[in-house]
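Each chain, written out:
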Amino acid sequence: MSGRAGHAGPAALSFALVATSLGCGACVDDRAPSPGAAASTLAASRALNADLRARCTTGLVPPGEGFATIAEIPSLGGRLMFMQDINDDGVAVGSAQIPGGNYHAIRHTDVGGIQDLGALSGFGAQSYASAIASDGSIAGHADHGDGTGAQFGHRYTASGGRTEICSTGCSVWDLNGGGQMVGLLLGQNPATWQAFVWEQAGGLHPLGTLGGARSSATGISETGLVVGNAQLADSAAGDVGHAFLYDSRATHPVLEDLNARARTPGWVLRGANDVNGGFAIGYGTHNQQSRAFRLDLATGEVHDLGTLAGSPSVGWAGDSSGDVVGWVAKDDHTNVAFVYGPGLGGLHALGDYVDPAQGWDLQQANGINNRGAIVGMGVHQGVTVGFKLTLPLCDR
């Protein structure tokens, strides 16, 4: 799996974001900087970036003298769109509104542009693409166009078309190159649902919960590690519960509370959104503050990825080097996309790497591959579109 798929989750965290500046924390200075001060800040930034590139060992690094490369992924004529994942071949997937308000699953390449998957046979009236695997297969869900709104999970390939994996309502959030898929299966009670893993040989296998009524599997690694969130026995009805880990390779796999793996004090891991061989990525509370995390699966160390001006942050996807993308809450309806990496010096607003003259407002970063490409949703010249931004990799 290249990055992480997005899905309905804690995207609209209702906290205000206060603008930050170098060394200022939450203070705001409305005075325009003098030309000399602006030049001095730019020079200092370039010197810092050069130092980070010189000391890097792996992963993303800041751009050189200029800015990162960013490309707009246009909509299908509707108001909203979300790019969710990108594989190492540079093929990205997501969902875009069409005129009238329904969503269609989409696939994008640099050469071919957008392909409207939702217009193909079998995709119903409304469809979503949530993840793309290393072999190009796409996970998602679609309705039957019957007006009920019920969604049915699927795997799509160009050669085989759309194949449904559940006879009742379910959503697929992620898949790997081995053909395994994960998501949530709706129960008879519409207020309950359960995480599952699906594979060709064994079909759909519900994973249970951590004692509560709900669970959702949101990420799977190439080796079959599954992460998500599950309610506890004492969880309130709307509570997401705790992050979990499930090893589908085990002889007798069980749902494990990820907090049992954590060796860093002060954390409650609430939801895990992505996993690879080295790290699980998600969000939780650290010393009572809502923060994105990266958990080292080998040591149990939990890294607080930071935030912008103290607002809640959510880690959504990671690459094999430990770089992470996600977002920080800005207000009730919008977010600020972020990227985190040791080679970048920590967490930064993704828009900091974009030329301000281009008119971008990057709001969610949902997917990242191992070649420095990041996809998500933003506003460009006042229009909501998808984006693909590419940062350089450490060359040491």
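What you are looking at is a predicted structure, and each value in this text was computed from that prediction instead of being measured.

(A) Region of interest: the overall build of the chain. If you tally the helices and strands in the chain, you get one helix and 28 strands. Looking at the chain as a whole, 51% of its 396 residues qualify as buried. Nonlocal contacts in the chain, meaning residues at least 24 apart in sequence, comprise 45% of its contacts between residues at least 6 apart. Carbon and sulfur atoms make up 52% of the accessible area of the chain, which amounts to about 16,600 Å² in all.

(B) Structural detail: the packing of aromatic side chains. The final tally for this structure, using the stated rule, is six aromatic pairs. Centre to centre, the rings of Phe123 and Tyr156 are 5.7 Å apart; their planes meet at 65°, and the pair counts as edge-to-face. Taken as a pair, Phe123 in the loop between β5 (113–116) and β6 (127–132) and Tyr156 in strand β8 (residues 152–157) lie far apart in primary sequence, 33 residues in all. This pair shows no difference in class: Phe123 is buried, exactly as Tyr156 is. Put simply, the rings of Phe82, Tyr103 and Tyr128 pair up and form one aromatic cluster. Over the ring of Phe279 we find Arg294; its NZ or CZ atom is 4.3 Å from the centre of that ring.

(C) Structural detail: the state of the cysteines. Tallied over the full model, the rule gives two disulfides. Here Cys56 connects covalently by a disulfide to Cys394, the sulfurs 2.0 Å from one another. Judged by the sign of its S-S torsion, about 80°, the bond between Cys56 and Cys394 is right-handed. With Cys56 in the loop between α1 (35–55) and β1 (69–73) and Cys394 in the segment after β28 (383–390), this pair connects stretches of sequence that are 338 residues apart. Across the pair, exposure class does not vary: Cys56 and Cys394 are buried alike. Between the sulfur of Cys166 and that of Cys170 lies a disulfide, 2.0 Å long from S to S. The sign of the -85° torsion about the S-S bond sets the Cys166-Cys170 disulfide as left-handed. There is no split in this pair, since Cys166 and Cys170 are both buried.

(D) View of the confidence of the model for the chain. When the pLDDT values of the chain are averaged, the result is 89; 89% of them are 70 or greater. Low pLDDT, under 50, characterises residues 2–33; the predicted model gives this stretch 81 contacts beyond four residues in sequence or across chains.

(E) Molecular detail of the sheet that holds strand β20 (residues 289–296). Strand order across the open sheet formed by four strands is β18-β19-β20-β21, with antiparallel pairing between neighbours. In this open sheet, the two strands that pair with only one neighbour each are β18 (267–275) and β21 (302–304). When strand polarity is set aside, the average angle formed by the axes of neighbouring strands in this sheet is 35°. Direction of pairing for β20 relative to β21: antiparallel, over a ladder of three bridges. Across the sheet, Leu295 pairs through a bridge with Val302, a residue of β21.

(F) Here's a closer look at the pairing of β6. Along β6, five of the six residues are buried, which leaves the element largely enclosed by surrounding structure. In this sheet, strand β7 (residues 138–142) lies alongside β6 in antiparallel orientation, the contact comprising five bridges. Bridged to Tyr128 within β7 is His141. From the end of β6 to the start of β7, which pair antiparallel, there are five residues, and Gly136 there has a positive phi angle of about 90°.

(G) Structural view of the side chain of Ser221. Counting through the fold element by element, Ser221 comes out in the loop between β14 (211–220) and β15 (225–232). Of note is the side chain of Ser221, whose polar atom sits 3.1 Å from the side chain of Thr223. The contacts of Ser221, once residues within four sequence positions are left out, are Asn176, Val275 and Asn276.

(H) Spatial organisation of the side chain of Ser215. On the secondary structure map, Ser215 appears in strand β14. Looking at Ser215, its side chain comes within polar contact range of the main-chain oxygen of Gly208, at 2.7 Å. Ignoring any residue separated from it by four or fewer positions in sequence, one finds Ser215 in contact with Leu184, Trp193, Gln194, Ala195, Gly208, Thr209, Asn229 and Ala230.

(I) Representation of the environment of Val354 in the model. Tracing the backbone through its elements, the reader meets Val354 in the loop between β25 (346–349) and β26 (360–368). Owing to a relative accessible area of 5%, Val354 belongs among the buried residues under this scheme. In this view, Val354 contacts Phe67, Ile70, Trp360, Leu362 and Leu389; residues no more than four positions away in its chain are not counted.

(J) Quick peek at the sheet that holds β7. The strand order β6-β7-β8-β9 describes an open sheet built from four strands, whose pairing is antiparallel. Each edge of the open sheet is held by one strand with a lone partner, namely β6 and β9 (161–164). Each strand of the sheet is rotated relative to its neighbour by a mean of 30°, with strand direction disregarded. Sheet topology note: the β7/β8 ladder contains five bridges and is antiparallel. When the sheet's bridge partners are listed, Gly140 is paired in β8 with His154.

Calculation rules
- Residues numbered from 1 in each chain as written.
- Predicted model: local features only at pLDDT ≥ 70, side-chain atom pairs only at ≥ 80, totals over all residues.
- Heavy atoms only, no water.
- Helix = DSSP H or I, 4+ residues; strand = E, 2+ residues; numbered from the N terminus.
- Buried < 20%, exposed > 50% of the residue type's maximum accessible area, 1.4 Å probe, protein only.
- Contact = heavy atoms within 4.5 Å.
- Areas by Shrake-Rupley, 256 points an atom, 1.4 Å probe, with all protein chains shown as cover.
- Phe/Tyr/Trp six-rings, centres within 6.5 Å; stacked < 30°, edge-to-face > 60°.
- Lys NZ or Arg CZ within 6 Å of the ring centre and 35° of its normal.
- Disulfide = S-S within 2.5 Å.
- pLDDT = per-residue confidence, 0-100.
- Pairing = 2+ DSSP bridges.
- Axes fitted to C-alpha atoms, helices over the stretch in contact; angles between N-to-C directions.
- Polar contact = N/O pair within 3.5 Å; in protein donor to acceptor, adjacent residues only side chain to side chain.

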